[in-house]
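This is what each chain is made of:
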Amino acid sequence: MCGIVGYIGSQQAESILLTGLKRLEYRGYDSAGLAIVGDDGLVVEKRKGKVDELRSAVDGQPLLGTLGICHTRWATHGPPTDANAHPHTSVSGDFALVHNGIIENHGVIRKRLKEKGYEFVSDTDTEVLVHLIEDIRRETDLSLGEAVRQALTQVVGTYGIAVVSSVDDQLIAARKGSPLILGIGDGEYFIGSDAAPLVEHTRQVVYLSDGEIVTVNRNGYEVKTIDNVPLEKEVHELEWDLSEIEKSGYDHFMLKEIMEQPESLSDSMRGRLLPDDPRVVLGGLYNHWDQIVDADRIIIAACGTSWHSALVGEYLIESFARIPVEVEYASEFRYRNPILRDGDVVIVISQSGETADTLAAVREARKNGVLCLGICNVVGSTIARETDAGVYLHAGPEIGVASTKAFTAQVTVLAMIALKLAENRTLSTAEMAHNLHALASIPDKVDEVLGMNDEIREMASVYRYASNFLYLGRGYNFPVALEGALKLKEISYIHAEGYPAAEMKHGPIALIDRFMPVVFIAMKDSTYDKVVSNIEEVVARDGSVIAITDEGNGELDKLCEYVLRIPKTEEFLSPLLTVVPLQLLSYHIAVMRGCHVDQPRNLAKSVTVE
Ligand code: AGP
């Protein structure tokens, strides 16, 4: 889950590379490095730490040259050290390579190369690739591109790589399992792990697919398969612009993205939600709609926060469309040889569209000949390109590692799918109109909840020293309890668990004492009375309760330390509102604890390795 940027053109490469790399830092941030080819040949600068530290290291003595690559790392093999940072250089010093992914057979290749006298200076799997390419060049007179291609035919695992050399005035890049995009500028070319480093320079991009290698010269590029078959690749237009990937005055991307939800939700509904008709239009699913309507079973596979939205999707589709839904952790689904039959439809959910386990779930479904649909945010991502059809979130770029606006946009898309399936099935036209209008009113209600930011910040200051948290909800809000706990865990490093409220009595209640903050989602819906008695059980054991409930509901004041009253909405839509205070609570606690909110330790935005 590293970030790669490459450049060849007429401009000095260093600042283009470092600015682009900074934009990819959410992909990994434990060490960084760059290699520039200039009049002094190939110069490499790399070190443990963030991109800013690398930038200050080269600020004193800029690396001159118009060809280069760089890398920000999320360590898989070998701890974050200067030696393990990328780029890795060949023994001859002729070329340097950066890699995103895992070379699974690095042990076998390393042994063979060691027997041939190659010395290894790092603990990384990546270094074997550098020496393998060098060895092929020594034994043949192949070009750099050809030697790289041949080396890759010997590799087992995943990679996104970029290579430059002081001999060949070229930039080589290839992918299998890790994303890579080629940006086509005016007489210059860019390589990036995603669009973020490219968008300020060009909107013309080529998405590399698995098993493809591109050789870029100063006057053009050539794409081939790893098996040496030339390819004509389509050039796409990027949708996002630079301002969307900047912080717009917020302290953190996470806060910006939480505050953007009224817009991102409106964007995910635009042109799709037509409450006055009343109908839902999902053009991306049009060609397969009949098959979805007739599905015997829908399986939703995802990871992390996307898995939580899948759980809400299960409640939505089963209650509105009466189609059985199973929700799977993609990482389990891919290996348990799932029983897939005709009549099944698989939906995968992924913000980044690059999560390795979710991508494998797509391939598992397709291998079994089952219709596979995607709900993704990143346009042109691998999952979006490999699924049969799908729905984009249109939530705009999500840079903060902790997913927020993608979750609410995912739930909105799932609600639109469920309501469209319910049309002329379980809902009358009047009920359809009522529910679509309720959904259309959500962005304004989210805006109202965001208005409670100061109140939630004040509440967060009371709980910032907590070492454990429990989140409890029922029905549609059980997944929200899971999501609230995940948000707190991943950015504040406080241990937190989410549970169905009723499940508490079967174990977690043993954790309750006056040091255990317990967050209850207690909207006045079909589960309210049960939730209130669960609150009483916690209060009876001295637990400190925070409740989220409807505006105007004063019944919980005596029971709870804090009561957050949010606008009313339909029960099936309440996750879109109840999650927002939980996002803000985790954000403020993390800021108060001095955590690195946008780049929490040990995490990365898209998990492209297993
Ligand atoms: C959520 O805040 C985390 N960043 C993580 O759990 C994430 O949801 C998960 O890795 C799935 O990512 P995806 O939606 O891009 O596939």
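Just above sits the structure.
The rules behind each value
- Starting afresh in each chain, residues are numbered from 1 along the sequence in its written order.
- Per-residue local features of the predicted model are confined to residues with pLDDT of at least 70, and side-chain atom pairs are confined, for both listing and counting, to 80 or more; whole-chain, interface and lining totals are unaffected and use all residues.
- Excluding hydrogens and water, the side-chain values take into account all heavy atoms of the structure.
- The helix and strand labels rest on DSSP assignments: H or I over at least four residues marks a helix, E over at least two residues marks a strand, and numbering proceeds from the N terminus.
- With C-alpha atoms as the basis for the radius of gyration, the globule rule is written as 2.2 Å multiplied by the number of residues raised to the power 0.38.
- Per-residue accessibility, obtained with a 1.4 Å probe over protein chains only, is compared with the maximum for each type, and a residue is labelled buried under 20%, exposed over 50%, and partly exposed between these values.
- Only the protein chains shown count as cover for residues, with accessible areas throughout obtained via the Shrake-Rupley method and a probe of 1.4 Å.
- In plain words, nonpolar cores are sets of buried Ala, Val, Leu, Ile, Met, Phe, Trp, Tyr and Cys residues tied together by side-chain atoms within 4.5 Å.
- Contacts between residues were defined by any pair of non-hydrogen atoms, one from each residue, lying within 4.5 Å.
- Patch criteria: residues need more than 30% relative accessible area and no salt bridge. Like-charged residues are merged within 9 Å; nonpolar side chains of Val, Leu, Ile, Met, Phe, Trp and Tyr are merged within 5 Å.
- We define a salt bridge as a contact between a side-chain nitrogen of Lys or Arg and a carboxyl oxygen of Asp or Glu at a distance within 4 Å.
- Only four residue types enter the tally: Lys and Arg on the positive side, Asp and Glu on the negative side, with His and both chain ends excluded.
- Just so you know, the charge point we use is NZ for Lys, CZ for Arg, CG for Asp and CD for Glu.
- Here a cavity denotes a set of grid points, spaced 1 Å apart and computed over the protein atoms alone, in which a 1.4 Å probe fits but from which it cannot get out, and a pocket denotes an open set meeting protein on both sides within 12 Å along at least five of seven lines; residues with an atom within 4 Å of a point are reported as lining.
- Grid points are joined across faces, edges and corners, and a volume is the space filled by probe spheres set on the points.
- Residue type decides the class: Asp, Glu, Lys and Arg count as charged, Ala, Val, Leu, Ile, Met, Phe, Trp, Tyr, Cys and Pro as nonpolar, and the leftover types, Gly among them, as polar.
- Strand pairing is assigned whenever DSSP identifies at least 2 bridges connecting the two strands.
- To obtain an axis, a line is fitted to C-alpha atoms, over the contacting stretch when the element is a helix, and the angle between two such axes runs from 0 to 180 degrees between their N-to-C directions.
- In these notes the angle categories are as follows: under 35 degrees is roughly parallel, over 145 is roughly antiparallel, 65 to 115 is roughly perpendicular, and the rest is oblique.
- Note on convention: the crossing is left-handed when the near helix lies turned anticlockwise from the far helix by less than a right angle, right-handed when the turn is clockwise.
- The criterion for a residue being near a molecule or strand is simple. One of its heavy atoms has to lie within 4 Å of it.
- N or O atoms within 3.5 Å of each other form a polar contact, as long as, within protein, one can give a hydrogen and the other can take it, and as long as residues adjacent in sequence are counted only when both atoms are side-chain atoms.
- Regarding the arc, it is the one traced by the directions from the helix axis to the C-beta atoms.
- Pairs were defined over the aromatic rings of Phe, Tyr and Trp, the Trp ring being its six-membered one, requiring ring centres within 6.5 Å. Orientation was assigned from the angle between planes: stacked under 30 degrees, edge-to-face over 60, tilted for the rest.
- Definition used: whenever NZ (Lys) or CZ (Arg) falls within 6 Å of the ring centre and also within 35 degrees of the ring normal, the charge is taken to sit over that ring.

Okay, the overall build of the protein next. Helix and strand counts for the protein stand at 19 helices and 27 strands. Over its C-alpha atoms the protein spans a radius of gyration of 25 Å, differing by no more than 12% from the 25 Å that the globule rule assigns to 610 residues. For the protein, the spread of C-alpha atoms along the three principal axes comes to 80 × 55 × 45 Å. Looking at the 610 residues of the protein, the share that counts as buried comes to 61%. Total accessible area computed for the protein in this model is approximately 22500 Å², and 47% of it derives from carbon and sulfur atoms.

This part covers the nonpolar core. With 99 residues, the main nonpolar core has Leu439, Phe469 and Tyr471 as its most contacted residues. Ranked by residues supplied to this core, first place goes to helix 13 (residues 405-422) with 13 residues. Apart from residues no more than four positions distant in its own chain, Tyr471 is found in contact with Ala481, Gly484, Ala485, Leu488, Ala496, Glu497, Gly498, Tyr499, Val519, Leu582 and Leu585. Residues Leu24, Val58, Cys70 and Leu238 belong to the second largest nonpolar core, which totals 31 residues.

With that settled, consider a negative patch on the surface. A cluster of acidic residues, Glu263, Asp444, Asp447, Glu448 and Glu551, forms a negative patch at the surface. Tallying contributions element by element places helix 15 (residues 442-450) first for the negative patch, with three residues. When you line up the elements, Asp447 lands in helix 15.

Moving on, we come to the layout of surface pockets. Looking at the largest pocket, its volume works out to about 700 Å³. Lining the largest pocket we find 32 residues, and of these Cys303, Gly304, Thr305, Leu486 and Val607 sit closest to its centre. Of all the elements in the fold, those that place two or more residues in the lining of the largest pocket are helix 9 (304-321), strand 20 (344-350), helix 11 (356-367), helix 17 (478-492) and strand 24 (495-500). The element best represented in the lining of the largest pocket is helix 17, accounting for six residues. Split into classes, the residues belonging to the lining of the largest pocket amount to 11 nonpolar, 14 polar and seven charged. Asp194, Ala195, Trp240, Val378 and Val379 are the residues nearest the centre of the second largest pocket, which is lined by 33 residues in total. Here the lining of the second largest pocket is built from residues that sort into 16 nonpolar, seven polar and 10 charged.

It is worth spelling out the pattern of salt bridges at this point. One pass over the full model with this rule turns up 34 salt bridges. Of the charged contacts in the structure, one is a salt bridge between Lys116 and Glu139, with a shortest N-O distance of 2.8 Å. Of the two residues, Lys116 is situated in the loop between helix 3 (106-115) and helix 4 (127-139) and Glu139 in helix 4; the sequence distance between them amounts to 23 residues. Given a relative accessible area of 42%, Lys116 falls into the partly exposed group. A cluster of three or more residues bridged by salt bridges with shared partners is formed by Arg175, Asp210, Arg363 and Glu386.

Moving on, we get to the sheet that holds strand 5 (residues 88-89). Taken in spatial order, the seven strands line up as 5-6-7-8-12-13-14 in an open sheet, and their pairing is antiparallel. Both edges of this open sheet fall to strand 5 and strand 14 (230-231), since each of them pairs with a single strand only. Helix 4 rests against strand 5, strand 6 (95-100) and strand 7 (159-165) of the sheet, and its axis sits at about 140° to strand 6. Helix 5 (residues 144-152) rests against strand 6, strand 7, strand 8 (171-176), strand 12 (212-217) and strand 13 (220-225) of the sheet, and its axis sits at about 150° to strand 7.

Within the structure shown, the criterion is met by one cavity of 30 Å³ or more. Here the largest cavity is characterised by a volume of approximately 70 Å³. Taken together, Met1, Cys2, Arg73, Trp74, Thr76, His77, His86, His99, Gly101, Thr124, Asp125 and Thr126 make up the full set of residues lining the largest cavity. Of the residues that constitute the lining of the largest cavity, the class distribution is three nonpolar, seven polar and two charged.

Burial of the side chains of strand 22 (residues 389-392) is restricted to one face: Ala389 and Val391 are buried, whereas none of Gly390 and Tyr392 on the reverse face is. Two strands pair when backbone bridges link them, and strand 21 (residues 371-376) and strand 22 are joined in this way by four bridges, in the parallel orientation. Residue pairing for strand 22: Gly374 is matched across the bridge by Gly390.

Looking now at the packing of helix 16 (residues 453-463) against helix 19 (residues 575-592). At a minimum axis separation of 8 Å, helix 16 and helix 19 run at an interaxial angle of 50°. With respect to helix 19, the axis of helix 16 lies oblique. Seen from above, helix 16 lies across helix 19 with right-handed handedness. Facing helix 16, whose interface residues are Asn453, Ile456, Arg457, Met459, Ala460, Ser461 and Tyr463, helix 19 presents Pro581, Leu584, Leu585, His588, Ile589 and Met592.

Overall, parallel pairing links the five strands, which are arranged 24-23-25-26-27 in an open sheet. Of all the strands in the sheet, just strand 24 and strand 27 (562-566) have a single pairing partner and so form its edges. For this sheet, the mean angle separating the axes of adjacent strands, direction not counted, is 15°. Note that strand 23 (residues 468-473) and strand 24 share six bridges and pair parallel. The partner of Asn468 across the bridge, within strand 24, is His495. Strand contacts of helix 16: strand 23, strand 25 (517-521), strand 26 (544-550) and strand 27, with the helix running at about 155° to strand 27, the strand carrying the most contacts.

In the vicinity of the ligand, 14 residues are found, and the nearest of them are Ser306, Ser350, Ser352, Thr355 and Glu490. Thr305 is positioned with one of its backbone polar atoms (N or O) 3.0 Å from an oxygen atom of the ligand. Between Val401 and the ligand, the recorded distance is 2.7 Å, taken from a backbone N or O atom to a nitrogen atom. Within the complex, the protein chains bury 91% of what would otherwise be the 410 Å² of accessible surface of the ligand. Looking at the shell around the ligand, the elements with two or more residues in it are helix 9 and helix 17. Considering every element that reaches the shell around the ligand, the biggest residue donor is helix 9, with three residues. Looking at the shell around the ligand, its residues break down into four nonpolar, eight polar and two charged.

Take helix 16 next. Of all the positions in helix 16, only Asn453, Ile456, Met459, Ala460 and Tyr463 are classed as buried. The buried residues of helix 16 occupy an angular sector of 125° when the element is viewed end-on, so they sit on one face. For helix 16, the exposed residues lying more than 90 degrees away from the buried face are Asp454 and Glu458.

Enumeration according to the criterion identifies eight aromatic pairs in this entry. Here the aromatic rings of Tyr7 and Phe190 are separated by 5.2 Å at their centres, their planes lie at 50°, and the arrangement is tilted. Of this pair, Tyr7 sits in strand 1 (residues 3-8) while Phe190 sits in strand 10 (residues 189-192), and the two are 183 residues apart along the sequence. An identical accessibility class is assigned to Tyr7 and Phe190; each is buried. Over the ring of Trp289 we find Lys420, and its NZ or CZ is 5.2 Å from the ring centre.

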